[in-house]
Amino acid sequence: MNKKLLLCLNLFLFLFCAKKMLPPSPDRFPPHLIEVNPRSRVQIELVFDEAIDPSRFVPESVEVVGLKIKGISLGRDRSRVLIWTEPQKQERYSVKGMVFDQSGNIGRFRAGFQGSVRIDTIAPRIATVLPAPGTTGLFKNIKVVIRFSEPVDTAFPLNYLLVPRGYETLFQRSWNPNWQEVRFVCRDSIGGQEFYFLLQPGAQDLEGNRCLTPGWTYWSADTVFQGIRVRGRAIKDGNPLRTGIVFFNQEHTLALAPILTDGSFELKLRPDDYLVFGVSDTDFDGLVDLATETVRFNTLQESLNLLFVPESLPRLIDEYCR
C-alpha cells in the first residue's frame, strides 16, 4: 500500500477515535411530547421524552382548545406537566404549547386526546409550611409559604390568623402561578416576641374537595426561643374532635395552635399562666359550631384536655381572637 495513503488512513482513524473520546456534544434536540393522559375530568398530564426546564416554562404558552385552563404545575418528575382545567366532557380536545429542555432547546407540541369524565375525590393537603415551626432569629423579610399537594381554587377565600393581632396588614398575600403555593410576605422588620400563624382548613381543589389539614407555624425574632412544649387533647362527647383552634390568652391572644385530625394539639409557649379555650367550625361555613369554657392553665402542667360543647351564639373564628 502506498505509504502516503497508509499515513492518511492512520491519521483519519486517529482523528476519528479522538473525536469519539471528546466529551459529548451539547444537546441540540428539542423535547417531544410522547403522552397525553387525562387523569380526571379536571386534570391532564403531559409526558415528555426528557426533563423540562422549569425556569423557562411559560404556563401562558399552553392552550387546551375548547377548555379553560385553571392552573398548570410540574408533575411528579421534571418530564411531566399537569394541566388543571374546567370539567371536561367525553369528547375530543387538543392541547398545544411549547416547553424548553435543560439545554434551552424549544419544543413546540400539539396533540389530541379524549376528555375524561372521571371525578377526582382526593382532597388536597398541606404539603409544606415555611418557616419551620420554632424558627428563631426571624425579624425581617419574613415569608410564610404554604404549599398544597395540588392546585386549589384561588377564588375560594383563605381564612388565616396571625397573633399577636395587629401585624396582619404588614403581610402581603400572593399566589404562585401554579395555584399550588400561597405566600404571605412582610418586608418590614418586626420582632421582640413570638408570632403564631394559622391557615385554617377548608381550601378547595378544582373539584370542590376540601383540605382538612391546617397550615401552621410559629417563629421568634430572638436567637433562642425560651419556651416550654405544651400538649393537649380536644374532646367532644368522649371522642377526639378532629378540627379546631386553641387560643392562649392573657390580656390578649398570645398564641394559638390547630387541633389535628387525631384530636391532639401541641405548641411551644413562654412559661406563664394562660387563659385557654378552644373553638371549632366543623362544617367549614366560617362560623364556630363548638366551643369550650375558658380554663386557667400553667405551662408547668403536663397536659391540657379541652371539652367541647355546642356554641349557643356562633360567631366568626376571627372574633374569638383578640
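Residues numbered from 1 in each chain as written. Predicted model: local features only at pLDDT ≥ 70, side-chain atom pairs only at ≥ 80, totals over all residues. Heavy atoms only, no water.

Peer 1: Describe the environment of Phe247, naming the residues involved and giving the relevant values.
Peer 2: Inspection of the secondary structure assignment puts Phe247 in strand 17 (residues 244-249). Between the C-alpha atom of Phe247 and that of Phe297, which follows or precedes it by 50 residues, the distance is 11 Å. Not counting residues within four places of it along the chain, the set of residues in contact with Phe247 comprises Leu161, Thr253, Ala255, Leu256, Leu275, Val276, Phe277, Val279, Ile317, Tyr320 and Cys321. (Helix = DSSP H or I, 4+ residues; strand = E, 2+ residues; numbered from the N terminus. Contact = heavy atoms within 4.5 Å.)

Peer 1: Residues and numbers for the nonpolar core, please.
Peer 2: Ranked by size, the top nonpolar core spans 35 residues in total, and within it Tyr196, Phe247, Phe248, Leu256 and Leu267 carry the most contacts. Within the second largest apolar cluster, 21 residues are counted, among which are Phe148, Val152, Phe184 and Ile190. (Core = buried A, V, L, I, M, F, W, Y, C linked by side-chain atoms within 4.5 Å. Buried < 20%, exposed > 50% of the residue type's maximum accessible area, 1.4 Å probe, protein only.)

Peer 1: Let's hear about the side chain of Thr85: which residues, and what values?
Peer 2: Residue position: Thr85 is located in strand 5 (residues 80-85). In this structure, Thr85 is in contact with Arg41, Val42, Ile44, Leu67, Lys68, Ile69 and Lys70, ignoring residues within four places of it in sequence.

Peer 1: Which residues make up the sheet that holds strand 3 (residues 63-65), and what values do they have?
Peer 2: In space, the three strands of this open sheet follow the order 3-6-7, with antiparallel pairing throughout. The open sheet terminates on both sides in strands that have one partner only, identified here as strand 3 and strand 7 (106-114). Adjacent strand axes in the sheet meet at a mean angle of 15°, parallel and antiparallel pairs treated alike. Examined bridge by bridge, strand 3 and strand 6 (residues 92-100) share three bridges and lie antiparallel to one another. Counterpart to Glu63 in the pairing with strand 6 is Lys96. (Pairing = 2+ DSSP bridges. Axes fitted to C-alpha atoms, helices over the stretch in contact; angles between N-to-C directions.)

Peer 1: Pulling in residues and values, what's your account of the packing of aromatic side chains?
Peer 2: Enumeration over the complete set of coordinates arrives at 13 aromatic pairs. Aromatic side chains Phe148 and Trp175 sit 6.4 Å apart centroid to centroid with 20° between the ring planes, which places their arrangement in the stacked category. In this pair, Phe148 sits in strand 9 (residues 142-148) while Trp175 sits in strand 11 (residues 172-175), placing the two residues 27 residues apart along the sequence. On the basis of an interplanar angle of 15° and a centroid distance of 5.7 Å, the ring pair of Phe195 and Trp219 is categorised as stacked. One end of the pair, Phe195, is in strand 13 (residues 194-199); the other, Trp219, is in strand 14 (residues 215-220), and 24 residues separate them in sequence. For the pair Phe195 and Trp219, a shared accessibility class is recorded, and that class is buried. An aromatic cluster is present here, built from Tyr196, Trp216, Tyr218 and Phe225 joined pairwise through their rings. Between the NZ or CZ atom of Lys268 and the centre of the ring of Phe225, over which it lies, the distance is 5.6 Å. Residue placement shows Arg315 over the ring face of Tyr320; its charged tip is 4.1 Å from the ring centre. (Phe/Tyr/Trp six-rings, centres within 6.5 Å; stacked < 30°, edge-to-face > 60°. Lys NZ or Arg CZ within 6 Å of the ring centre and 35° of its normal.)

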